[in-house]
Amino acid sequence: MNLAHRLCGLYSGAAKVLERALAFWLPGLLARFVFAATLWLYFLNSALTKVGPGLAGFFMVRDSAYYQIALPAVEAAGGDISQVPFFWHLVVYLGTYAEFLLPLMVVLGVLTRLAALGMAIFIAVQTVVDITVHQVGPETIGALFDRFPDAVILDQRLLWLFPLAYLVIHGPGLISVDGLAGRILCRR
């Protein structure tokens, strides 16, 4: 066996050892950590702009939520939120409380695949609303495969989606509520 084959064998063996030791718990934990460290407070603060102050206010969706989520429906109703069709009330309420609940579920690892998929859909809808309703400009939208990695829409949101895609495909890992529940429920 020549040196190149030996080096490849050593490299492959070391990679397999590393993968066996870490794959079942670390990547899912890191994906949830990255989400928590970069996006959890973003979504929490965004959600807080949609509800009233204090504990009682949490159960009151502000008019500003309608302007953020359903601006065309508000404009069609002449700015009168009470005249907005029921469907849009439902969308605003579901969107507001999903923005609180789904990130928390991702961070804790509760029904993680479903929560991560929900967050990915949430980000896709948020992106469509930003582009079509709030009509952000081309500098905010950006372009993929250009030399500028800081566009708010395409560059940042693509990076937002990566840990979520990982969680949808591979799950949260052993160190999560899902992992704990699996260990408890699958014992026999």
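Here we summarise the structure given alongside this text. Fair warning: this is a prediction, and the values are worked out from it, not measured in the lab.

Details of the pattern of salt bridges
Part 1 of the reasoning: One pass over the structure, following the stated rule, counts two salt bridges.
Part 2 of the reasoning: Glu-99 is the partner of Lys-50 in a salt bridge, and the nearest nitrogen-oxygen pair spans 2.8 Å. One end of the pair, Lys-50, is in the loop between helix H2 (26-48) and helix H3 (54-57); the other, Glu-99, is in helix H6 (residues 86-108), and 49 residues separate them in sequence. Take Lys-50 and Glu-99: they sit in the same class, and that class is buried.

Points about the layout of surface pockets
Part 1 of the reasoning: Each pocket or cavity is described by its volume, and for the largest pocket that value is around 590 Å³.
Part 2 of the reasoning: Broken down by secondary-structure element, the contributors of at least two residues to the lining of the largest pocket are H2, helix H4 (63-69), H6 and helix H7 (112-133).
Part 3 of the reasoning: No other element matches the nine residues that H6 contributes to the lining of the largest pocket.
Part 4 of the reasoning: Looking at side-chain class alone, the lining of the largest pocket contains 16 nonpolar, six polar and four charged residues.

Observations regarding the packing of H2 against helix H9 (residues 154-170)
Part 1 of the reasoning: For the pair H2 and H9, the least separation of the axes is 9 Å and the interaxial angle reads 140°. By the criterion of interaxial angle, the relationship of H2 to H9 is oblique. The two elements H2 and H9 cross, and the hand of that crossing is left-handed. Contact residues: H2 offers Pro-27, Gly-28, Ala-31, Arg-32, Val-34, Phe-35, Leu-39, Tyr-42 and Phe-43, while H9 offers Arg-157, Trp-160, Pro-163, Leu-164, Tyr-166 and Leu-167.
Part 2 of the reasoning: The class makeup of the residues in the contact of H2 with H9 is 12 nonpolar, one polar and two charged.

Concerning helix H1 (residues 3-22)
Part 1 of the reasoning: For H1, with 20 residues, the first-to-last C-alpha span of 28 Å sits near the 28 Å given by 1.5 Å per residue.
Part 2 of the reasoning: In terms of residue burial, H1 counts as a barely covered element, since only zero of its 20 residues are buried.
Part 3 of the reasoning: At the N-terminal boundary of H1, the capping side chain belongs to Asn-2, with an oxygen 3.2 Å from the backbone nitrogen of Ala-4.

The rules behind each value
Residues numbered from 1 in each chain as written. Predicted model: local features only at pLDDT ≥ 70, side-chain atom pairs only at ≥ 80, totals over all residues. Heavy atoms only, no water. Salt bridge = Lys/Arg side-chain N within 4 Å of Asp/Glu carboxyl O. Helix = DSSP H or I, 4+ residues; strand = E, 2+ residues; numbered from the N terminus. Buried < 20%, exposed > 50% of the residue type's maximum accessible area, 1.4 Å probe, protein only. 1 Å grid on protein atoms, 1.4 Å probe; cavity = no way out; pocket = protein on both sides within 12 Å on 5 of 7 lines; lining within 4 Å. Points joined across faces, edges and corners; volume = space filled by probe spheres on them. Nonpolar A, V, L, I, M, F, W, Y, C, P; charged D, E, K, R; others polar. Axes fitted to C-alpha atoms, helices over the stretch in contact; angles between N-to-C directions. Parallel < 35°, antiparallel > 145°, perpendicular 65-115°, else oblique. Left-handed = near helix turned anticlockwise from the far one by under 90°. Contact = heavy atoms within 4.5 Å. Expected span 1.5 Å × (residues − 1). Polar contact = N/O pair within 3.5 Å; in protein donor to acceptor, adjacent residues only side chain to side chain.

Geometric descriptors of this kind do not, in isolation, establish any biological role.
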